[in-house]
Number of protein chains: 2
Amino acid sequence: MPVYGAIEAGGTKFNCLVGSGPDQILAEIRIPTTSPAETFGQVLQFFGEQAKTNPLAAVGVGSFGPVDLYPGSPTYGTITSTVKPGWQMTDFVGPLKAALRVPVAFDTDVNAAAYGEHKWGAARGLTQFIYMTVGTGIGVGEMCAGKLVHGLVHPEGGHMLIPHDRQQDPFPGVCHFHGDCFEGLASGPAMQARWGIPAEKLPASSPAWALEARYLALAIINQIYMLSPQRIILGGGVMEQALLFPLIQEEAQQLLNGYVRSPQITDRIEEYIVPPALGSRAGVLGALALAMDAAGPRE
Amino acid sequence: MPVYGAIEAGGTKFNCLVGSGPDQILAEIRIPTTSPAETFGQVLQFFGEQAKTNPLAAVGVGSFGPVDLYPGSPTYGTITSTVKPGWQMTDFVGPLKAALRVPVAFDTDVNAAAYGEHKWGAARGLTQFIYMTVGTGIGVGEMCAGKLVHGLVHPEGGHMLIPHDRQQDPFPGVCHFHGDCFEGLASGPAMQARWGIPAEKLPASSPAWALEARYLALAIINQIYMLSPQRIILGGGVMEQALLFPLIQEEAQQLLNGYVRSPQITDRIEEYIVPPALGSRAGVLGALALAMDAAGPRE
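The structure presented is a predicted model; accordingly, all values stated were derived computationally and were not measured.

A word on the overall build of chain A
Tallying secondary structure elements over chain A gives 9 helices and 12 strands in all. For chain A, the C-alpha radius of gyration of 19 Å lies close to 19 Å, the compact-globule estimate for 299 residues. In terms of overall dimensions, chain A has a C-alpha envelope of 60 × 40 × 35 Å along the principal axes. In chain A, of all internal contacts separated by at least 6 residues, the share reaching a separation of at least 24 is 62%. As displayed, chain A has an accessible area near 12,000 Å², and 52% of this comes from carbon and sulfur atoms. A gap of 4 Å separates the mean positions of the 18 positive and 26 negative side-chain charges of chain A.

Structural notes on empty space enclosed by the protein
For the structure shown, the criterion picks out 1 cavity of 30 Å³ or more. As a volume, the largest cavity reaches approximately 30 Å³. Tallied by class, the residues present in the lining of the largest cavity amount to 5 nonpolar, 2 polar and 1 charged.

Comments concerning the interface of chain B and chain A
Taken together, the contacts link 43 residues of chain B with 43 residues of chain A. Interface area for chain B against chain A, summed over the two sides, is near 3,700 Å², with a carbon-plus-sulfur share of 67%. On the chain B side of the contact with chain A, Leu152, Met226 and Tyr259 of chain B bury the most area, a combined 23% of that side's loss. Counting across the interface, chain B meets chain A through 0 salt bridges. Summed over the shared surface of chain B and chain A, the result is 22 residue pairs in polar contact (both at pLDDT 80 or more).

Section: the nonpolar core
One broad rule of soluble globular proteins: the nonpolar side chains tend to lie buried together. In terms of nonpolar packing, the biggest core is built from 101 residues, with Met132 and Ile248 of chain A together with Met132 and Ile248 of chain B touching the most fellow members. Once residues lying within four places of it in the same chain are set aside, the contact partners of Ile248 of chain B are Ala213, Leu216, Ala217, Ile220, Leu234, Met239 and Ile273 of chain B.

Points about the sheet that holds strand E4 (residues 56-63) of chain A
Residue and element names in this part refer to chain A. Strand order across the open sheet formed by 5 strands is E3-E2-E1-E4-E7, with mixed pairing between neighbours. With one partner strand each, in any of the chains shown, strand E3 (24-32) and strand E7 (104-108) form the two edges of the open sheet. The average angle at which neighbouring strand axes cross in this sheet is 15°, direction not considered. Relative to strand E2 (residues 13-21), strand E1 (residues 3-9) runs antiparallel, the two sharing 6 bridges. Note that in E2 the partner of Gly5 across the bridge is Val18. Along the sheet, helix H2 (residues 93-100) contacts E1, E4 and E7; its crossing angle with E7, the most-contacted strand, is approximately 160°. Where helix H3 (residues 109-120) meets the sheet, it contacts E2, E4 and E7, and its direction lies at approximately 110° from that of E7.

Description of the relation of the copies chain B and chain A
In screw terms, the move from chain B to chain A is a rotation of 180° and a rise of 0.0 Å along the axis, fitting with an RMSD of 0.0 Å. Taken together, the rotation angle and the small translation identify this as a two-fold axis. The rotation axis passes nearest to the C-alpha of Pro163 of chain B in chain B, at a distance of 2.1 Å. Take the interface residues of chain B: 100% of them recur as interface residues in chain A, which is what a same-surface contact looks like.

Describing the domain arrangement of chain A
Residue and element names in this part refer to chain A. Along its sequence, chain A is organised into domain 1 (3-109 + 280-295) and domain 2 (122-275). Taking only C-alpha atoms into account, the centre of domain 1 sits 27 Å from that of domain 2. Every contact between the two is made by 8 residues of domain 1 and, on the other side, 7 residues of domain 2. Note on domain 1 versus domain 2: buried area summed over both sides is about 610 Å², and carbon and sulfur give 66% of it. Across the contact surface, domain 1 and domain 2 share 0 salt bridges. The tally of links between domain 1 and domain 2 comes to 2 residue pairs in polar contact (both at pLDDT 80 or more). Looking at the side of domain 1 that touches domain 2, the elements with two or more residues in it are E7 and helix H9 (282-294). Taken together, the residues of the side of domain 1 that touches domain 2 break down into 6 nonpolar, 1 polar and 1 charged.

Considering the pattern of salt bridges
Two side chains with opposite charge may pair up if their charged atoms get near one another. All names here are of chain A. Summed over all chains, the structure comprises 14 salt bridges over all chains. Among the salt bridges present, the one from Arg214 reaches Glu251, with a minimum N-O distance of 2.7 Å. Residue Arg214 is located in helix H6 (residues 208-227), and its partner Glu251 is located in helix H7 (residues 244-256); the two are separated by 37 residues in the primary sequence.

Considerations on the pairing of strand E11 (residues 232-235) of chain B
Residue and element names in this part refer to chain B. Residues Ile232 and Leu234 line one face of E11 and the alternating positions Ile233 and Gly235 line the opposite face, and both faces are buried. Where strand E8 (residues 129-134) lies against E11, 4 bridges are found, and the strand directions are parallel. Residue pairing in the sheet places Tyr131 in a bridge with Ile233 of E11. Pairing geometry for E11 and strand E12 (residues 273-274), over 2 bridges, is parallel.

Description of H7 of chain A
The α-helix winds at 3.6 residues per turn, so residues separated by three or four positions along the chain end up facing the same way. All names here are of chain A. For H7, with 13 residues, the first-to-last C-alpha span of 18 Å sits near the 18 Å given by 1.5 Å per residue. Buried within H7 are the following residues: Leu244, Phe245, Ile248, Gln249, Glu251, Ala252, Leu255 and Leu256. Looking one or two residues past H7, Asn257 carries a phi angle of roughly 55°, positive in sign.

Details of the packing of helix H6 (residues 208-227) of chain B against helix H7 (residues 244-256) of chain B
All names here are of chain B. Interhelical geometry of H6 versus H7 gives an angle of 50° and a closest axis separation of 8 Å. With respect to H7, the element H6 is oriented oblique. Handedness of the crossing formed by H6 with H7: right-handed. On H7, the residues touching Trp209, Ala210, Glu212, Ala213, Arg214, Leu216, Ala217, Leu218, Ile220, Ile221, Ile224 and Tyr225 of H6 are Leu244, Leu247, Ile248, Glu251, Ala252, Leu255 and Leu256. Partitioning the contact of H6 with H7 into residue classes produces 16 nonpolar, no polar and 3 charged.

Things to note about the environment of Ser206 of chain A
All names here are of chain A. Position of Ser206 among the secondary structure elements: in the loop between helix H5 (188-195) and H6. On the basis of relative accessibility, which here comes to 12%, the residue Ser206 falls in the buried class. C-alpha separation for the pair Ser206 and Gly5, spaced 201 residues apart in sequence, amounts to 42 Å.

Things to note about the pairing of strand E3 (residues 24-32) of chain B
Residue and element names in this part refer to chain B. The pairing of strand E2 (residues 13-21) with E3 spans 8 bridges and is classified as antiparallel. Its bridge partner being in E3, Leu17 is matched across the sheet by Glu28. Counted between consecutive antiparallel strands, the loop separating E2 from E3 contains 2 residues.

About the cut-offs
Residues numbered from 1 in each chain as written. Chains lettered and ligands numbered in written order. Predicted model: local features only at pLDDT ≥ 70, side-chain atom pairs only at ≥ 80, totals over all residues. Heavy atoms only, no water. Helix = DSSP H or I, 4+ residues; strand = E, 2+ residues; numbered from the N terminus. Rg over C-alpha atoms; globule rule 2.2 N^0.38 Å. Contact = heavy atoms within 4.5 Å. Areas by Shrake-Rupley, 256 points an atom, 1.4 Å probe, with all protein chains shown as cover. Lys, Arg positive; Asp, Glu negative; His and termini not counted. Charge placed at Lys NZ, Arg CZ, Asp CG, Glu CD. 1 Å grid on protein atoms, 1.4 Å probe; cavity = no way out; pocket = protein on both sides within 12 Å on 5 of 7 lines; lining within 4 Å. Points joined across faces, edges and corners; volume = space filled by probe spheres on them. Nonpolar A, V, L, I, M, F, W, Y, C, P; charged D, E, K, R; others polar. Buried area = accessible area lost by both parts, 1.4 Å probe. Salt bridge = Lys/Arg side-chain N within 4 Å of Asp/Glu carboxyl O. Polar contact = N/O pair within 3.5 Å; in protein donor to acceptor, adjacent residues only side chain to side chain. Core = buried A, V, L, I, M, F, W, Y, C linked by side-chain atoms within 4.5 Å. Buried < 20%, exposed > 50% of the residue type's maximum accessible area, 1.4 Å probe, protein only. Pairing = 2+ DSSP bridges. Axes fitted to C-alpha atoms, helices over the stretch in contact; angles between N-to-C directions. Least-squares fit on C-alpha atoms with pLDDT ≥ 70 in both. Domains from an automatic or database assignment. Expected span 1.5 Å × (residues − 1). Parallel < 35°, antiparallel > 145°, perpendicular 65-115°, else oblique. Left-handed = near helix turned anticlockwise from the far one by under 90°.

If you want it as structure tokens, here you go:
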């Protein structure tokens, strides 16, 4: 059976694994995100060791960004204008290909997670859906017509502008670029800055959750209006507070006000706005799924 | 040469034509939108007459909505929950197929216009772009991965919620469902209600245009963040005020604040946010393009 490599590249750690499916994982490692040279060195060492006993057919990458996904571009496969120090204009695909000599699939971390959910999780059989992660940042991965959405650059749905009632919530937002954009109002760091407590320590009784659900619902209904997804999957650290789901579902229905007449929304919203079936492993398993595609059809 | 039928079905009139391309139009007619029975009667009469001399290979429809685009649905091809009296749950595809006995392609009016621009207009060669019309309502048609976007229902981008500063603009909005959603703030009727003058009669010196450009730019940057389109085409009656384009382009760049680093946006925005190359004929010509596809490959 062919074996594949997968990398979920995050701002604090790289999750790497070798295997051929969610239940066929041969090896797995977490590598801290320090400098590109050091981190890539450890990544290549891991895959090099593994390849001695299990030659890799391909490697898949889901990376933090922004990244260049345009195949014809001279900077294809690089992390571009990231705010992470030392990582601007870092070639990701080049060193992997040179060292491992296998096809390398490259996409955003959230598109990879979306793809993992499509292959093995909550989006099986769907051709149009959204995977959104709410944590240190807010990222949006999308599938449309059965393909992961790239476009001019790639979606950056966390930065959309949503209504912000400064009388109810005078918090100015934490986005370095836009202040009170969606991510500036609703990411983990925004919650911590607004309430003085990290999101994971806020009690269920805190008014923080109703406000958070409101912002998430506002962004979600805009996604529904813009893309008409068949399902919306919400992952990331902030979403581990499970009471958010019913709050978001109720708020989204109220905001839509019956306009989008689909039973998935009007009658079964608890099956429409859902957590990832793969949990926090959606990203690295999605990278594995990308690798399996990149290797081409099995002989 | 095969000949095709096209229908752009609007709330006030149906534009119908027979031909095989933008420069090969054999006949064209405008039929007022009264009752379904009366309007369809005239439509079928027109095509029936034409078919006597030029048998139609297929018919394409771009319709006002909401419409049911899901091929497996029992109500596929109908206009569903429209606010237009008498037109709720009107079967569109059924009567056409029964009377004309040819394949019928059916999509939203804005998707048809997007497809027209893709085939013969400002979106040739693009695989991911947006066509937005700003008039009596605001509609958004989209292509993603080379396909027109449908999804759960179809996009209703006019109803997205955008920041609304009630101190600067206390106008409550005109949307029956959502008050001050994007359409509620920026459609033609919203402009007329806010300023007491129809949009087409507001002078270029009116403060209306800067405010309108602001709302359009807010919606456009949300579209950029959500979909990363390769181009955004703006049509419809309100956009006939040509000074809107530079105002929107400038406002969009300011709102993005350098975050989306693509030369199409940072350096050449006048080629990125553009009017339709087919003008007001994008919709009916797009319906013609849909018909040409529905007829299948030419022998």
